[in-house]
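Read off the chains here:
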Amino acid sequence: MVSRMRPPAPPAARVLMAGDTGDLAAIRSRLADCDPNATGLVFIEAFNAVQIVHLDVPAGVGVHWVFRENVLGTVAPRGRVLVAAVDAWLDEWMRPEGGVEIAIWLGARSSDLVTAYASRLDRELAAI
C-alpha cells in the first residue's frame, strides 16, 4: 500500500494594520499585497461612522472602525482610540502567552500619541 501525503501548507501570514482615514490608500495597497490566506485585523480610526468605506480584504482579515466621536458628542484626540484598540487587542491575543509571529503596520503618524505608542511597541518587541 502506498500512501501519498501532502506536505503541510505553510502557515498563512498574520497581520495587524492600524491607521486612520488618511492612511486608507496605504492600507488598501498593503491589503492588496497580502497573501490571500492571510489572517489578522485592520483597525481604522475615523471621526465618526460617516467616514466608513468598503475595503477588500482576504477572507481571514477583519476590519474594525474605531471612532473619535462618542455618543455624547465628545471627541477624543487624534490617535487615542486607535492606540487603545491596538493595545487592547495585543493584550488579549498576543501578550499573555508570547503570541505568534505577526506583521504589524502602524500608520496615523501625524498623531503624537500614535508615534509615541509605536516607539514603546518597538522597544517592547525588541525586548522579546
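Before reading on, note that the structure itself is shown above.
I will try to describe carefully the structure that is included in this document. If you're wondering where the values come from, they're calculated on a predicted model, not measured in any experiment. (Residues numbered from 1 in each chain as written. Predicted model: local features only at pLDDT ≥ 70, side-chain atom pairs only at ≥ 80, totals over all residues. Heavy atoms only, no water.)

**Section: the overall build of the chain**
Rule in force here: Put simply, DSSP H or I for four residues or longer makes a helix, DSSP E for two residues or longer makes a strand, and each gets a number counted from the N terminus. Under the scheme applied here, a residue whose accessible area is under 20% of the maximum for its type counts as buried, over 50% as exposed, and between as partly exposed, the area being computed with a 1.4 Å probe on protein chains only. Here, residues are in contact when the closest pair of their heavy atoms is within 4.5 Å. Exposure was quantified through the Shrake-Rupley algorithm and a 1.4 Å probe, taking into account, for residues, occlusion by the shown protein chains and nothing else.
Counting secondary structure elements, the chain contains 3 helices and 4 strands. A burial count over the chain gives 34% of its 128 residues as buried. Contacts in the chain between residues far apart in sequence, at least 24 positions, make up 54% of those at least 6 positions apart. Carbon and sulfur atoms form 56% of the exposed surface of the chain, whose accessible area is close to 8,400 Å².

**Observations regarding the pairing of strand 2 (residues 39–46)**
Which entries qualify depends on this criterion: In this analysis, strands are considered paired if DSSP registers two or more bridges between them. Seen with the strands pointing away from the viewer, any crossover whose path from the first strand over the helix to the second strand runs clockwise is right-handed.
With 6 of 8 residues buried, strand 2 is to be regarded as a mostly interior element. Inspection of the sheet shows strand 1 (residues 14–20) paired to strand 2 by 7 bridges, in the parallel sense. Paired with M17 across the strands is V42, a residue of strand 2. Read from strand 1 through helix 1 (residues 24–33) to strand 2, the crossover connection turns out right-handed.

**Points about helix 3 (residues 112–127)**
As a reminder, the rule being used: Given the number of residues in a helix, its expected span is that number minus one, multiplied by 1.5 Å. Regarding the arc, it is the one traced by the directions from the helix axis to the C-beta atoms.
An ideal rise of 1.5 Å per residue puts 22 Å on 16 residues; helix 3 measures up with 23 Å between its terminal C-alpha atoms. Looking only at helix 3, the buried set comprises V114, Y117, A118 and L121. Down the axis of helix 3, the buried set is contained in an arc of 105°. They therefore lie on one face. In this structure, helix 3 carries D112, D122, R123, A126 and A127 as exposed residues pointing more than 90 degrees from its buried face. Considering only its buried residues, helix 3 is in contact with helix 2 (80–93) and strand 4 (103–106).

**Focus: the pairing of strand 1**
Among the 7 residues that make up strand 1, 6 are buried, leaving the element largely enclosed by the rest of the structure. Of the pairings in the sheet, the one linking strand 1 to strand 4 comprises 4 bridges and is parallel in character. Paired with V15 across the bridge in strand 4 is A103.

Coordinates in, geometry out; function isn't part of it.
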